[in-house]
Amino acid sequence: MRIAVTGSIATDHLMTFPGRFADQLVADQLHTVSLSFLVDNLDVRRGGVAANICFGMGLLGTKPILVGAAGSDFDEYRAWLERHGVDTSGVRISEVLHTARFVCTTDADHNQIGSFYTGAMSEARLIELKAVADRVGGLDLVSIGADDPEGMLRHTEECRTRGIPFAADFSQQIARMDGDEIRILLDGATYLFSNEYEKGLIESKTGWTDEEILGKVGHRVTTLGAQGVRIERAGEEPIEVGCPEENVKADPTGVGDAFRAGFLSGLAWGVGLERAAQVGCMLATLVIETVGTQEYTLHRTHFMDRFTKAYGHEAAAEVSAHLV
C-alpha cells in the first residue's frame, strides 16, 4: 500500500534565556521595544507534521512518500529522512525561499517569544499529486496534513477528481480556517483525524453535528490524550484503544504525529483498525518519552515487548509479522 503524506516540513531553532523576559520590559516603553537576549543553549530540531509522520512510518518500514515544499537548505534533512526509510522524491525545492522555520526563546519562567517563518511551505500549492503518483506507480491513500492552506485545498480537490482516497488532518491550521474551508477539506475523506478539542471546533465552525460529519467521512479518528483514541463509523459501534503505560513524560511535542505514523503504517500492513490504532498509540508513547519529534529510536524487541504488555499476545503476534 503506497501512502503519501502531505504537509509542513520545518526546522525548530529552540533557545533558552536564563533570565526573565518580564525583567527586561519597561512598562511605559512598550511601544518602542528593542531588545536582544544572550541565550545559553540552542537546539536545532527537525520538524513539520508531514516530515514527523513520515519519519515514524519509515522506522516502521512502510516506505512513506513525503510531499511538501522546502528550500535549498533541505539537503541534510533530506539525507536524514532517506536514511530512515522515507521517499523524499515528492518534495519540491524552492529556488528562492528557505525551509519553514520556527525560532523560539524560552525564559526561566517558561515564557516564550517565538516566530514562525513559512518560507518554502507557501509553494506546496504548486505540487501536483499526479506527478508524484506517476513516479511511484500510483497512490492508495494521501494523508493531507497542516500545510499551506491553498496547497491543502488543491490536494484535496485533486484526490477527489482522481479518485484517490484521502485523510483530512487539519491540526494546527484549523484555527485559521473558516467553516467553508473545513467543509471542503473533510467532505468525502476516508479518514478524518483530530484531537478532542479540534473535534468540537470542527463541529462549531462547520455547523455540522457529529452524526452529519460521520455521514460525510468514512472514519472519524479522535485522539484523546492519555486516554488513547476513538474511531467512529456511521452506524457502527466505536472502537476505543487505550495508551500503553509511559515510563516518563518528557515532551508531548509530536505525539499526535507519531500516532498518525503508527496508524497509517497499520493500514499499510492491512492489520485492521483496532491494531492500527494500537500501533499508533505505542509509537506515540515512545515519542512522549523523548525530547524532540524525531529523536526516538525503534528497536523491534523493545517495541514488541511493550506492545505485548499493553495489548496482549494475540495482537502482538499479528503486528510482529509486519514489523521489520
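Here the structure is shown first, and the text comes after it.
Calculation notes
- Each chain has its residues counted from 1, running along the sequence as written.
- The predicted nature of this model means local features are confined to residues of pLDDT at least 70 and side-chain atom pairs, given and counted, to a pLDDT of 80 or more, with totals for whole chains, interfaces and linings taken over all residues.
- Neither water nor hydrogens contribute to the side-chain values; these are computed over all heavy atoms in the structure.
- Here a strand is any run of E in DSSP of at least two residues, a helix any run of H or I of at least four, and the numbering for each starts at the N terminus.
- By this rule, a helix spans an expected 1.5 Å times one less than how many residues it contains.
- Only protein chains enter the accessibility calculation, which uses a 1.4 Å probe; a residue is then buried when its area is under 20% of its type maximum, exposed when over 50%, and partly exposed in between.
- Within 6.5 Å between ring centres, the rings of Phe, Tyr and Trp (the latter by its six-membered ring) count as paired, and their orientation is classed by plane angle as stacked under 30 degrees, edge-to-face over 60, tilted in between.
- We count a salt bridge whenever a side-chain nitrogen from Lys or Arg sits within 4 Å of a carboxyl oxygen from Asp or Glu.
- For two strands to be treated as a pair, DSSP must find at least two bridges joining them.
- All axes here are fitted lines through C-alpha atoms, helices being fitted over the stretch that makes contact, and every angle between N-to-C directions spans 0 to 180 degrees.
- Crossovers are marked right-handed if the path from the first strand over the helix to the second runs clockwise, as seen with the strands pointing away from the viewer.
- Remark: nonpolar core denotes a set of buried residues (Ala, Val, Leu, Ile, Met, Phe, Trp, Tyr, Cys) joined through side-chain atoms within 4.5 Å.
- Here, two residues are considered to be in contact whenever any of their heavy atoms come within 4.5 Å of each other.
- Polar contact is the term for a pair of N or O atoms within 3.5 Å; when the atoms are in protein, one must be able to donate a hydrogen and the other to accept it, and sequence-neighboring residues count only if both atoms are side-chain atoms.

A. Geometry of helix 8 (residues 255–269). If you check helix 8, its first and last C-alpha atoms are 21 Å apart, about what 15 residues at 1.5 Å a residue would give, namely 21 Å. Within helix 8, twelve of the 15 residues are buried, which leaves the element mostly enclosed by the surrounding structure. A positive backbone phi angle near 75° is found at Gly270, which sits one or two residues after helix 8.

B. Spatial organisation of the packing of aromatic side chains. Under the definition given, this model contains eleven aromatic pairs. Relative to Phe263, the ring of Phe259 has its centre 5.8 Å away and its plane inclined at 25°; by these criteria the two rings are stacked. Taken together, the residues span about one helical turn, with Phe259 and Phe263 both in helix 8 at a distance of four residues. Like Phe263, Phe259 is buried. In textbook terms, an aromatic cluster arises when at least three aromatic residues are bridged by ring pairs, as seen for Tyr191, Phe193, Phe259 and Phe263.

C. Representation of the pattern of salt bridges. Summed over all chains, the structure comprises 21 salt bridges. Taking the shortest distance from any N to any O, the salt bridge between Arg162 and Glu128 comes out at 3.2 Å. Of the two residues, Arg162 is situated in helix 4 (residues 149–162) and Glu128 in the loop between strand 7 (112–117) and helix 3 (129–136); the sequence distance between them amounts to 34 residues. A residue is classified by how much of its surface remains accessible, and Glu128, at 35% relative accessible area, is partly exposed. A salt bridge links Arg220 to Asp210, with the shortest nitrogen-to-oxygen separation between them at 2.7 Å. Note that Arg220 is positioned in strand 11 (residues 219–223) and Asp210 in helix 7 (residues 210–214), a separation of ten residues in sequence.

D. Highlighting the sheet that holds strand 3 (residues 41–47). The mixed open sheet is built from four strands, whose spatial order is 3-2-6-7. Edge positions in the open sheet fall to strand 3 and strand 7, since each of these has one partner strand only. Recorded for the sheet is a direction-independent mean angle of 15° between the axes of neighbouring strands. Sheet topology note: the strand 2 (residues 10–16)/strand 3 ladder contains seven bridges and is antiparallel. What sits directly across from Asp12, in strand 3, is Arg45.

E. The pairing of strand 4 (residues 65–70), seen in detail. Taking burial as the measure, the six residues of strand 4 include six buried ones, the bulk of the element. Both faces of strand 4 are covered, namely the face carrying Ile65, Val67 and Ala69 and the face carrying Leu66, Gly68 and Ala70. As defined by bridge partners, strand 1 (residues 3–6) adjoins strand 4 across three bridges and the pair is classed as parallel. The partner of Thr6 across the bridge, within strand 4, is Val67. Running through helix 2 (residues 75–83), the crossover from strand 4 to the neighbouring parallel element strand 5 (residues 87–93) is right-handed.

F. The arrangement of the nonpolar core in detail. By size, the foremost hydrophobic cluster in this structure holds 56 residues, and its most contacted members are Phe263, Phe303 and Phe307. At ten residues, helix 9 (residues 273–288) tops the list of elements feeding residues into this core. Formed by 29 residues, the second largest nonpolar core is a distinct cluster that contains Ala133, Ile174, Trp208 and Ile213.

G. Broad picture of the environment of Asp251. As for its position among the elements, Asp251 is in the loop between strand 13 (239–241) and helix 8. Taking the C-alpha atoms as reference points, Asp251 and Ala79, separated by 172 residues in sequence, lie 25 Å from one another. Sequence-distant contacts of Asp251, that is, excluding residues within four places in its chain, are made with Arg45, Val287, Ile288, Thr290, Val291 and Gly292. Side-chain polar atoms of Asp251 contact the side chain of Thr253, separated by 2.9 Å.

H. Structural context of the side chain of Thr293. Mapping Thr293 onto the fold places it in the loop between helix 9 and helix 10 (300–311). Residue classification places Thr293 among the buried residues on the basis of a relative accessible area of 9%. A distance of 3.0 Å separates a polar side-chain atom of Thr293 from the backbone oxygen of Arg46. Reaching out from Thr293, the side chain makes a polar contact with the side chain of Asn52 at a distance of 3.0 Å.

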